[in-house]
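Residue-level structural notes
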Amino acid sequence: NKQITTNPMPIINYNNYNINKQRYDIAINVMFGDQLYQKSTVQYLKDTSERVENTITNLGNFAYYTVTNIAEKLVTPFTANETRKNLPVVIALQRMQKDVDFLDEVATRTPQLTKLEFAVLFSSVLVSAISPSLLSVKIVEVIVPSMAALAASVGISAEYVGKVAVSNGKEISALAIQAAAEAEAVLATAERNKAILPLCVGIATTASAFALLAPSFLSDFSSRFSVQVITEIYLICPLIAVLAAAIGGLASQESRSLAGKAAGIGNRRFAMSKSVGKTWLSASEQVEQSANRLTAKWRSFVFGVVAAPVVAICFPGTLALKSIICAAIASAQAAYYLAIAEYSLAEAVDAVALKSRCAAVSDTYANQGTRAGSILPFTSALAGLCAAASAAAVETLPLIHMPEIQCLLAVTFPLGAALFGAAASVSKARCEADAAASLEAVSILGSGNMNERDPIANVRRLIEISIGTSYTFIAIRCKQLINLIRSGNLTNKLSRWFFK
């Protein structure tokens, strides 16, 4: 129930759209149940506007969430849980850890003591054990500490050899990391020089489009305003396209040169002496190669400037048609320069990534050797402690009158030094194995067998993989759809899918 009372109504002339600006007010009486609510026009319109805005907001939110859910279903049709996504990563990391530890396990399966070291340790323990029962105390006080020091010397020599191996591995891995870092820096420069190529392609393509549009536009302009336009204006767009193609040619040549340099960093540095002669260049040959690169750069610039105009001149037709052909060829040239630059950079990125991976593997084994050699100073210290303790222990032999106790006391510390020396030899073998692995990982950089993948073959392989996975996914979805249709649950499934 609405009762509307108004003051004198304004006079509205609908023909002239003039409104008499006489002050008026409208009172709206709204009945809700048994209560009467009176609102002014402004308040009523304000409340109505708020309700409309809330309704629009709710509709917008509903549409947004509906479209978002549909997009998520379309873009990510299969989402596994976090455990399933992380499981292959965990397995791969565990496998890598086992591979790293496998080398140390193999190194410890065979005896690591040489015949001389074993004879020294065994004889020192044996002499220390039988000397109290065969020799006098004065002689035993000299022999037992000497035997303990001799056994400790085996552990100390093992520490020296192990630490040298660890140092070699760390130095080699540092050189590999340095080479990878240099390659990354040169590759970044190549990427920076290539960055202008998409701009050149865009400018050349836009100029070719305007060259195609210019004849119609100028013809319509001259007929509409009766103005004669000079035909040389057709040359503006081809000129812009040719300049963009020429700049693109220079950028492409420089980018390809830097990409090749980045891919070759470290190859000669880590090559073996037998293979260095194949790629060795004298100073004169290096100068000649640099001159050839500079000549190729300017040749590319000249080709980018001259090729399109020459073809356009030889093509029969009007000046407008020649301009269109010239701009189109220049645009194709710019696109070609971008393609060959991207190809070279793809090869360089793959090569630099392999260098970084080899450096990382080398550093991993070097760190593994550092970990294995961390115990060597401790074993040497324990062996030296046993040698010093044996010198103190023999001083108590005159106070002991039982030969068995004397032999046991005399052999205890030389035996400990021998055991610590044997443990140090095992750690030394691990250090040498890890250092050899670090060197072998780096030697791949100079061998030329880095398994670099051709970008075209890589793209073909990715397409085959994409087709295979898409076919598998479509087959699975079709089977699920057939099962839903047969079970009669298709409607419920669609409703849950849209309004989830």
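**Let's talk about the side chain of S128**
By the secondary structure assignment, S128 is in helix 3 (residues 115-134). Leaving out residues up to four positions away in the same chain, S128 has contacts with V144, M147, A410, V411 and P414.

**Observations regarding the packing of helix 5 (residues 196-225) against helix 6 (residues 236-264)**
Helix packing geometry: the angle between the two helix axes and the distance between the axes. Orientation of helix 5 relative to helix 6, taken along the N-to-C sense of each, is 160 degrees, at an axis distance of 8 Å. In terms of orientation, helix 5 lies roughly antiparallel with respect to helix 6. The two elements helix 5 and helix 6 cross, and the hand of that crossing is left-handed. In this structure, helix 5 uses I196, L197, C200, I203, A204, A207, F210 and A211 to contact helix 6, whose residues at the interface are C237, I240, A241, A244, I247, G248, A251 and S252. Considered class by class, the residues forming the contact of helix 5 with helix 6 number 14 nonpolar, two polar and no charged.

**Comments concerning helix 10 (residues 376-393)**
For helix 10, which comprises 18 residues, the first-to-last C-alpha distance of 25 Å matches the rise-based estimate of 26 Å (1.5 Å per residue) to within 8%. Taken together, the buried positions of helix 10 are occupied by L376, T379, S380, A383, C386, A387, S390 and A393. Down the axis of helix 10, the sector holding all buried residues measures 150 degrees, keeping them to one side. Residues of helix 10 that are exposed and point over 90 degrees away from its buried face: F378 and L385.

**Digging into the pattern of salt bridges**
One pass over the structure, following the stated rule, counts three salt bridges. Between K170 and D363 there is a salt bridge, with the nearest N and O atoms lying 3.8 Å from each other. Here K170, found in helix 4 (residues 137-194), pairs with D363, found in helix 9 (residues 319-373); they are 193 residues apart in sequence, far enough to count as distant. Judged by its relative accessible area of 21%, D363 falls in the partly exposed class. Salt bridges sharing common partners tie together E191, K194 and E342.

Conventions and cut-offs
- Residues numbered from 1 in each chain as written.
- Predicted model: local features only at pLDDT ≥ 70, side-chain atom pairs only at ≥ 80, totals over all residues.
- Heavy atoms only, no water.
- Helix = DSSP H or I, 4+ residues; strand = E, 2+ residues; numbered from the N terminus.
- Contact = heavy atoms within 4.5 Å.
- Axes fitted to C-alpha atoms, helices over the stretch in contact; angles between N-to-C directions.
- Parallel < 35°, antiparallel > 145°, perpendicular 65-115°, else oblique.
- Left-handed = near helix turned anticlockwise from the far one by under 90°.
- Nonpolar A, V, L, I, M, F, W, Y, C, P; charged D, E, K, R; others polar.
- Expected span 1.5 Å × (residues − 1).
- Buried < 20%, exposed > 50% of the residue type's maximum accessible area, 1.4 Å probe, protein only.
- Arc of directions from axis to C-beta.
- Salt bridge = Lys/Arg side-chain N within 4 Å of Asp/Glu carboxyl O.

Worth remembering: the numbers are spatial, not functional.
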